[in-house]
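# Structural description and commentary
Okay, here's what each chain looks like letter by letter:
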Amino acid sequence: MLLPERFTSRPATYDDIPMVVAMLNQTASNHQKSFFVDDLKTEWSTPNFDVTNSIQLVFDNQRQLVGYIEVWDVDNPPVHPTIWGRVHPDYRRLGIGRYLMTWAETRAMKAISRCPDDVRVAIQCGCDHDQIDTQKLFESMGFQYYRDSWDMEITLSEEPPEVAAPDGFIIRDYRHPDEFSNIVLANEEAFEDHFGYVKKTPEQHLEQWQHLIDTDPYFDPAVWFVAEHLASGEIAGVSISRPRAWTDPKKAYLGSLSVRRPYRRNGLAMALLKHTFHAFWLRGTKTISLSVDARNLTGATHLYKKAGMTVSRHLMMYEKELRAGREYITIE
């Protein structure tokens, strides 16, 4: 697949970040407010992410950036490489999107050699439910719709009541950095039941989380909370937030809410959620957002709706099989 004559492409470098952020903000839909330089720096410096070989840029003959795509295959094994890209709105329907998707698929094929021989490998990508042209592009290239993802949020109009933890538990502040390893591994254990989960070694989990802490200027351990089982002293559940949402500085972002399997179905998740809402109210933040698989296996969507959260963005997820085999990830 070739670019139209007046366009060129090349790999990205870290020096491109400000230019990329500017272009991405020009492409942002009504559902996605803003991109920020600091956030992209954090993302591009993720362990095992190779910027030069995993990002492709397209320019017009005036050297204006008009297209961007990235391929994520940092999991081990990388059974489901993820594609994410954008084309400047003034340059759509010219073949740039198809070119970038073709490049990304070729790049994603390299992940196959790093996966066990009997494991299924499939590329995944997504778009907003109202981006019909993008959906048609995916389908014309052999991608099939398979799932939905939601962004959900709540805007608090009054101080939410404090909710007591269920009998036998307390909800308390996270103790940083002493509890870092314990809270990360407890959270990851709980997410083993989540659709799409790829099991990693404890060292891999800790490395990725440490990277986020070290590179995120908005990391704040004061909005990380622990549900502790009093009898055993074990971490039963966690709530991990960011005081500024990735796409809107006026919102907070609940990045992870999890309860370990032995402690589920006793109201602990709701108590953690309400505790988080109350903490943000006290900080002066009224809107809290999160992202969730629309068919979450542990019933998270029902929990969030019950707590008063509503869907603010609806993403349609697509995939294309590169190699048949047994499914490695958590599925229904």
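Below you will find a few notes about this structure. (Residues numbered from 1 in each chain as written. Predicted model: local features only at pLDDT ≥ 70, side-chain atom pairs only at ≥ 80, totals over all residues. Heavy atoms only, no water.)

## Topic: the packing of helix 4 (residues 96-108) against helix 5 (residues 132-140)
Heads up, the condition is: To obtain each axis, a line is fitted to C-alpha atoms, and for helices this fit is confined to the stretch in contact; angles are then taken between N-to-C directions over 0 to 180 degrees. The secondary structure listing takes helices from DSSP runs of H or I that are at least 4 residues long and strands from runs of E that are at least 2 residues long, numbered from the N terminus. Angle categories: roughly parallel below 35 degrees, roughly antiparallel above 145, roughly perpendicular from 65 to 115, and oblique for all the rest. Working rule for handedness: look at the near helix, and if it is turned counterclockwise from the far one by less than a right angle, call the crossing left-handed; if clockwise, right-handed. Residue contacts follow a heavy-atom distance rule, with two residues in contact if any of their heavy atoms lie within 4.5 Å. Under the grouping applied here, Gly and all other residues not named as nonpolar or charged are polar, the nonpolar ones being Ala, Val, Leu, Ile, Met, Phe, Trp, Tyr, Cys and Pro and the charged ones Asp, Glu, Lys and Arg.
Closest axis-to-axis distance for the helix 4/helix 5 pair is 11 Å, and the angle between their directions is 45°. Of the possible angle classes, the one that applies to helix 4 and helix 5 is oblique. Helix 4 and helix 5 meet at a crossing whose hand is right-handed. Of the residues in helix 5, those touching helix 4 at G97, R98 and M101 are L137, F138 and S140. Here the residues of the contact of helix 4 with helix 5 sort into three nonpolar, two polar and one charged.

## Some remarks on the pairing of strand 9 (residues 235-242)
As a reminder, the rule being used: Only protein chains enter the area calculation, which uses a 1.4 Å probe; residues under 20% of their type maximum are buried, those over 50% are exposed, and those in between are partly exposed. Two strands form a pair only when DSSP identifies at least two bridges running between them.
Counting buried residues in strand 9 gives eight out of eight residues, a clear majority hidden from the surface. Pairing geometry for strand 8 (residues 224-229) and strand 9, over five bridges, is antiparallel. Within strand 9, the position partnered with V226 by the bridge is V238. Once strand 8 ends, the chain turns through five residues before running back antiparallel as strand 9, passing G233 with a positive phi of about 75°. Inspection of the sheet shows strand 9 paired to strand 10 (residues 251-259) by six bridges, in the antiparallel sense. Bridge pairing in strand 10 links G237 to V259.

## Comments concerning the environment of K286
Within the element layout of this structure, K286 appears in the loop between helix 8 (268-282) and strand 11 (287-293). For K286, a relative accessible area of 36% gives the class partly exposed. Residues K286 and E207 lie 79 residues apart in sequence; the distance between their C-alpha atoms is 32 Å. In contact with K286, other than residues within four places in its own chain, are I154, T155, L156 and W281.

## Comments concerning the nonpolar core
The condition is simple: Take the buried Ala, Val, Leu, Ile, Met, Phe, Trp, Tyr and Cys residues and link them wherever side-chain atoms come within 4.5 Å; each set so joined is a nonpolar core.
By size, the foremost hydrophobic cluster in this structure holds 45 residues, and its most contacted members are I183, W224, L273, F277, I288 and Y304. Here the element with the most residues in this core is helix 8; it accounts for nine residues. Excluding anything up to four places from it in sequence, L273 contacts L254, L257, L303, Y304 and A307. Counting residues in each nonpolar core, the second largest holds 32 residues, with Y91, C115, Y318 and L322 among its members.

## Considerations on the side chain of H229
Relative to the helices and strands, H229 resides in strand 8. Not counting residues within four places of it along the chain, the set of residues in contact with H229 comprises G168, F169, E234, A236 and Y263.

## Brief notes about the packing of aromatic side chains
To keep it simple, the criterion reads: Planes of paired rings set the category: under 30 degrees apart is stacked, over 60 is edge-to-face and the rest tilted, where pairs are Phe, Tyr or Trp rings (Trp by its six-membered ring) whose centres lie within 6.5 Å. Sitting over a ring, as applied to charges here, requires NZ of Lys or CZ of Arg to be within 6 Å of the ring centre and within 35 degrees of the ring normal.
Summed over the entire model, instances satisfying the criterion amount to twelve aromatic pairs. Where Y14 meets W44, the ring centres are 6.2 Å apart and the plane angle is 65°; that geometry is what we call edge-to-face. Residue Y14 is located in the loop between strand 1 (8-11) and helix 1 (17-27), and its partner W44 is located in helix 2 (residues 37-44); the two are separated by 30 residues in the primary sequence. Take W44: its relative accessible area is 0%, and that puts it in the buried class. Every member of this aromatic cluster is reached through a ring pair, and the members are F138, F143, Y145 and Y318. Here the guanidinium or amino end of R242 rests over the ring plane of W246, the centre of that ring lying 3.6 Å away.

## Comments concerning the environment of R98
Tracing the sequence through the fold places R98 in helix 4. Distance in space between the C-alpha atoms of R98 and L3 is 9.1 Å, their sequence separation being 95 residues.

## Details of helix 1
Operational definition: As used here, the arc is the angular range of directions from the helix axis to the C-beta atoms.
For helix 1, the set of buried residues is I17, V20, V21, M23, L24 and T27. End-on, the buried residues of helix 1 take up no more than an arc of 170°, which puts them together on one face. Where the residues of helix 1 are buried, they touch helix 2, strand 2 (55-59), strand 3 (65-72) and strand 4 (82-87).

## Observations concerning the packing of helix 6 (residues 180-190) against helix 7 (residues 202-215)
Here helix 6 crosses helix 7 at 115°, and the two axes come no closer than 10 Å. Judged by the inter-axis angle, helix 6 sits roughly perpendicular to helix 7. Regarding helix 6 and helix 7, the two cross each other, and that crossing is right-handed. Note on element contacts: helix 7 touches helix 6 through P202, H205, L206, W209, Q210 and I213, opposite F180, S181, V184, L185, N187 and E188. Within the contact of helix 6 with helix 7, the residues separate by chemical class into seven nonpolar, four polar and one charged.

The values are spatial; any link to function lies outside them.
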